[in-house]
Amino acid sequence: EFVHTSNTEVTHLPAKKYDQIVTPASGVWFADYVNDNATVVMYDYNQKSLDYWKEYAPAIKNVRYRFVLCDLLGKDNLAEHILPAIPNTLVHLSNIFNYEGTNFFYSLEYRKYKEAELLSALPASAEVYFNLRASIFDTVPTWHLT
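Residues numbered from 1 in each chain as written. Predicted model: local features only at pLDDT ≥ 70, side-chain atom pairs only at ≥ 80, totals over all residues. Heavy atoms only, no water.

**So, the environment of Gly74**
For Gly74, the position within the fold is in the loop between β3 (64–69) and β4 (89–94). Counting along the chain gives 40 residues from Gly74 to Lys114, while the straight-line C-alpha distance between them is 8.4 Å. When near neighbours in sequence (up to four residues on either side) are disregarded, Gly74 contacts Tyr110 and Lys114. (Helix = DSSP H or I, 4+ residues; strand = E, 2+ residues; numbered from the N terminus. Contact = heavy atoms within 4.5 Å.)

Structural data, given as structure tokens:
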């Protein structure tokens, strides 16, 4: 139930603007990466985080927010909440599949399965960013173009 009100990690992204950014409800790193008329989808398994960000998301001109209750390690499907008609999309998966707070509750095989399942469901044009992946061999920031 803890709410991250600031970024909890360093995001190493190329200087680029996006029409849709999908990100955990944690910090406002995305503000530097949104185009005019962009959509920001903030997701989290923690309703308190979503409630906080509904109230305190930065007011950026022409940026629309959507808040999605979604547990990536559960039965929820984040891909259902991404607008596929927006080709210039960034999906930020942070360290969710290798997070020290939850990785002892799920086996590595399960976390790798859930990671692969989500990647296969995302729109083909989406750019995907990880800070840490479930695979022990992918422990540095990684771009994955699906």
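**Notes on the pattern of salt bridges**
The final tally for this structure, using the stated rule, is 3 salt bridges. The salt bridge partner of Glu117 is Lys114, with a shortest N-O separation of 2.9 Å. Of the two residues, Glu117 and Lys114 both sit in helix α2 (residues 108–121), 3 residues apart, roughly one turn of that helix. The exposure class assigned to Lys114 is buried, which follows from its relative accessible area of 8%. Residues Glu115 and Arg133 are paired through a salt bridge, measuring 2.8 Å at the closest nitrogen-oxygen approach. Residue Glu115 is found in helix α2, and its partner Arg133 is found in the loop between β5 (127–130) and β6 (142–145); the two are separated by 18 residues along the sequence. With relative accessibility at 5%, the residue Glu115 sits in the buried group. (Salt bridge = Lys/Arg side-chain N within 4 Å of Asp/Glu carboxyl O. Buried < 20%, exposed > 50% of the residue type's maximum accessible area, 1.4 Å probe, protein only.)

**A word on the nonpolar core**
If you look at the biggest cluster of nonpolar residues, it comprises 21 residues, and the most contacted ones within it are Tyr43, Leu72, Leu78, Val91 and Leu93. Where this core is concerned, the elements lending two or more residues are β2 (34–44), β4, α2 and β5. If we ignore the near neighbours within four places in the chain, the residues touching Tyr43 are Val22, Thr23, Pro24, Ala25, Leu50, Val68, Cys70, Leu72, Leu78, His92, Leu93 and Ile96. Counting residues in each nonpolar core, the second largest holds 18 residues, with Trp29, Met42, Leu50 and Ala57 among its members. (Core = buried A, V, L, I, M, F, W, Y, C linked by side-chain atoms within 4.5 Å.)

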